[in-house]
Every structure is written in C-alpha cells, then in structure tokens.
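Architecture and fold: a report
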Amino acid sequence: MPESESMPESESMSESESMPESEVGQQRQVITIDGLAASGKSSAAKGLAQKLGIAYVSSGLLYRAATWLALHTDVDVTDEEALFAILSAHSLTLTPYHDRDNRVSVALAGETKDISSELETSTIDAAVSHVAKHPRVREWVDTRLRELCCQFVIDGRDMGLVVFPQAHAKFYLQASAEVRAKRRLSDRNEDFNAAVHAINERDRRDAKQSKPARDAIHIDTDDMTLEQVIATMLEHIRARGR
Ligand code: DC
C-alpha cells in the first residue's frame with residue numbers, strides 16, 4: 001500500500017446523499033474515530049489520515065486547552081458559567097495539518113501563546129473530565145469543530161454520535177484497561193497500577209459523554225497492532241465506496 005493515498009473518487013459522498021445543507025459547498029468529508037481514554041484512537045486516526053492524505057483532528061485537545069485555560073486563570077473547573085466566560089474571552093484556536101500534529105494557541109495577557117506541548121500532562125488528565133462534562137463547554141467545542149474545513153479524520157468520544165452524525169465512516173475503538181495502561185506507560189513515566197487506576201477513574205467520569213454512534217464499526221484493539229487497526233479501517237472505508 002502506498003504511504004499516502006488520497007480518498008478515491010468512488011468513496012466520496014454525493015452532496016445529496018448525506019451532507020447536511022450547511023456543509024454543501026464545503027465538500028466536507030469526515031471520518032470519526034471514538035473510544036475510551038488511551039484506546040489507541042489518536043495513533044489510529046493519525047495513521048489513517050496519513051494513508052488517506054487528509055488532515056487529522058484531535059477533539060480532546062480542545063477540552064484539554066479549555067482545562068489549561070481554567071488552570072491558568074484560576075477558574076474553578078466545576079463552574080460552568082465561569083468556564084464558558086473564559087472560553088468566550090480568550091481566543092482559543094485548534095489548527096490541524098496534513099503532515100504534522102495539531103497546534104493549539106490561546107490569547108492570554110495580550111499575547112498569543114502556543115500551548116500544544118502543555119496539554120498532555122497528568123495535571124490536565126486529572127482535571128479535564130470535570131471541564132468536559134459541562135453542556136456549554138461541549139457546545140463551544142462542538143461549534144469549533146464544525147467550523148473546520150474540509151476533509152479530516154477526527155478522534156474523540158462523541159464525534160460520530162453527536163458532532164458529525166453524517167460522517168462518511170464511523171469507528172469505535174475498544175481495549176481493556178490493562179492494555180490501555182500499558183500503551184499509556186510507553187508515552188509517560190508512570191507506575192502501572194497507578195495508570196490502570198487513573199484509566200478506570202477517567203472511564204467512569206467520561207462514561208456519560210463517551211457513546212458510540214449506532215452505525216459505528218466497533219474494533220477491539222487488544223490483540224491488534226496499530227497497522228492492523230489502520231488496515232481494518234481502510235478496508236471498511238473501501239467497502240463503503242464500492
Ligand atoms: O482523547 P483525550 O484523552 O485527549 O480527551 C481528553 C478529555 O476530553 C477526556 O477526559 C474526555 C474529554 N473528551 C470528551 O469528553 N469528548 C471528546 N469528543 C473528546 C474528549
């Protein structure tokens with residue numbers, strides 16, 4: 001398989017087939033990958049996007065950035081109104097690329113700061129579920145995501161069910177807490193039992209907003225390599241184009 005291949009014509013949606021009115025003209029084509037914390041969705045989404053030659057978008061980064069902003073402006077993460085007020089007051093931008101990771105910037109104290117490298121920390125992990133459960137924060141994130149153009153693979157918790165119900169293809173990745181903790185430890189220097197505990201805790205807190213769409217294809221990744229997961233998704237996408 002070539003390193004990068006554009007989405008074939010035959011796999012494109014016809015405008016009348018499934019794009020909502022507001023998306024017609026933008027030729028939006030979205031593939032959603034949802035799943036629990038550390039289920040491998042971001043690596044799978046990045047790899048799939050690269051194979052298809054389209055951009056990768058991480059929706060979780062917007063929740064992480066909202067959390068970063070709350071922690072840096074001393075806003076209580078349980079205070080929905082105050083969170084919404086800081087999101088409205090500080091321009092927070094997610095920029096996806098075809099060939100590199102998403103960047104996130106925020107306007108703070110008169111300066112635009114790139115905070116991308118400060119979002120994947122244990123401190124943010126511990127607070128982000130509290131921020132993500134507020135409906136007004138979720139609406140703010142969903143609006144930012146729906147403004148993005150045009151073809152992309154996006155990962156998250158509710159991308160297929162809530163944000164892009166008309167997506168071209170939807171996947172939901174599953175893996176046991178132990179396998180997910182091992183994957184997380186290869187990225188971070190943490191204790192295994194503590195990592196399993198943290199993952200179970202986040203599953204519990206994220207459960208309400210982590211729902212697969214009814215038409216999502218479920219993939220259990222416990223015994224699969226990343227390449228196998230990506231190949232499985234590509235097969236489904238090709239089959240849909242036939
Ligand atoms: O995928 P992630 O670990 O970067 O997500 C960070 C947090 O944001 C996670 O605790 C759940 C939340 N999240 C969400 O509620 N909905 C999304 N679409 C993406 C992330």
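Above this text you will find the structure in question.
So, on to the state of the cysteines. Counting across every chain of the model gives 1 disulfide. What pairs with Cys 149 in a disulfide is Cys 150, and their sulfur atoms sit 1.6 Å apart.

Attention now goes to the environment of Ala 167. Structurally, Ala 167 can be placed in the loop between α7 (159-163) and β7 (169-174). The class of Ala 167 is buried, set by a relative accessible area of 13%. Separated by 139 residues in sequence, Ala 167 and Arg 28 place their C-alpha atoms 9.1 Å apart.

By nearness alone, 16 residues border the ligand, and Arg 64, Arg 138, Arg 157, Asp 158 and Arg 202 come closest of all. Separating a nitrogen atom of the ligand from a side-chain N or O atom of Ser 59 is a distance of 3.2 Å. About the coverage of the ligand: the protein hides 96% of its 440 Å² of free accessible area. Elements with a contribution of two residues or more to the shell around the ligand: α3 (60-72), α5 (122-132) and α9 (192-206). Broken down by class, the residue content of the shell around the ligand amounts to 4 nonpolar, 5 polar and 7 charged. The residue makeup of the shell around the ligand includes at least three contributed by each of domain 1 (17-54 + 151-242) and domain 2 (60-121 + 136-149).

What follows covers the side chain of Gln 209. Inspection of the secondary structure assignment puts Gln 209 in the loop between α9 and β8 (217-220). Given the relative accessible area of 9%, Gln 209 is considered buried. Not counting residues up to four positions away in its chain, the partners in contact with Gln 209 are Ser 129, Ala 132, Lys 133, Arg 138, Arg 157 and Asp 158.

Let's shift gears to the nonpolar core. Core analysis: the largest hydrophobic core is formed by 37 residues, its most contacted members being Leu 92, Leu 94, Val 104, Leu 145, Phe 152, Ile 154 and Phe 164. The biggest single contributor to this core is α3, with 8 residues. No fewer than three residues from each of domain 1 (17-54 + 151-242) and domain 2 (60-121 + 136-149) sit in this core. Excluding residues that lie within four positions of it along the chain, Val 104 makes contacts with Leu 61, Ala 65, Leu 92, Thr 93, Leu 94, Lys 113, Asp 114, Ile 115, Ser 116 and Leu 119. Leu 48, Val 153, Phe 171 and Ile 237 belong to the second-largest nonpolar core, a separate cluster that totals 19 residues.

Sheet architecture is open: 3 strands sit in the order β3-β4-β5, paired in antiparallel fashion. Among the strands making up the open sheet, the edge pair consists of β3 (92-95) and β5 (111-114). Each strand axis lies, on average, 20 degrees off the axis of its neighbour in the sheet, ignoring direction. Note that β3 and strand β4 (residues 103-108) share 4 bridges and pair antiparallel. Bridge pairing in β4 places Leu 92 opposite Val 106.

As summarised here, the arrangement of the 5 strands in space is β2-β6-β1-β7-β8, forming an open sheet in which the pairing is parallel. Either end of the sheet is taken by a strand with one partner, and the two such strands are β2 (55-58) and β8. Pairwise comparison of adjacent strand axes, ignoring direction, gives a mean angle of 20 degrees for this sheet. Across 4 bridges, the pairing between β2 and strand β6 (residues 151-156) is parallel.

It is at 9 Å that the axes of α3 and α5 come closest, and there the two elements cross at 100 degrees. With respect to their mutual orientation, α3 and α5 come out roughly perpendicular. Between α3 and α5, the residues in contact are Tyr 63, Arg 64, Ala 66, Thr 67, Trp 68 and Leu 71 and Thr 123, Ile 124, Asp 125, Ala 127, Val 128, Val 131 and Ala 132, respectively. Of the residues that constitute the contact of α3 with α5, the class distribution is 9 nonpolar, 2 polar and 2 charged.

Moving on to the environment of Gly 35. With respect to the helices and strands, Gly 35 occurs in strand β1 (residues 29-35). Note on Gly 35: relative accessible area 1%, which makes it buried. Note: C-alpha distance between Gly 35 and Ile 219 (184 residues apart in sequence) is 9.6 Å. Contacts of Gly 35, omitting those with residues within four sequence positions, involve Lys 41, Gly 156, Arg 157, Tyr 172 and Leu 173.

A few words now on unusual backbone geometry. The phi angle of most residues is negative, glycine excepted, and most peptide bonds adopt the trans form. With an omega dihedral of -5 degrees, the bond running from Cys 149 to Cys 150 counts as a cis peptide bond. The topology assignment puts Cys 150 in the loop between α6 (135-146) and β6. Residues other than glycine seldom take positive phi values, yet Ala 38 does so here, at roughly 60 degrees. Relative to the elements of secondary structure, Ala 38 occurs in the loop between β1 and α2 (41-52). Judged by relative accessible area, which is 14%, Ala 38 ranks as buried. One non-glycine residue, Asp 74, adopts positive backbone phi at about 55 degrees.

Rules used throughout
- Residues numbered from 1 in each chain as written.
- Predicted model: local features only at pLDDT ≥ 70, side-chain atom pairs only at ≥ 80, totals over all residues.
- Heavy atoms only, no water.
- Disulfide = S-S within 2.5 Å.
- Helix = DSSP H or I, 4+ residues; strand = E, 2+ residues; numbered from the N terminus.
- Buried < 20%, exposed > 50% of the residue type's maximum accessible area, 1.4 Å probe, protein only.
- Near = heavy atom within 4 Å.
- Polar contact = N/O pair within 3.5 Å; in protein donor to acceptor, adjacent residues only side chain to side chain.
- Areas by Shrake-Rupley, 256 points an atom, 1.4 Å probe, with all protein chains shown as cover.
- Nonpolar A, V, L, I, M, F, W, Y, C, P; charged D, E, K, R; others polar.
- Domains from an automatic or database assignment.
- Contact = heavy atoms within 4.5 Å.
- Core = buried A, V, L, I, M, F, W, Y, C linked by side-chain atoms within 4.5 Å.
- Pairing = 2+ DSSP bridges.
- Axes fitted to C-alpha atoms, helices over the stretch in contact; angles between N-to-C directions.
- Parallel < 35°, antiparallel > 145°, perpendicular 65-115°, else oblique.

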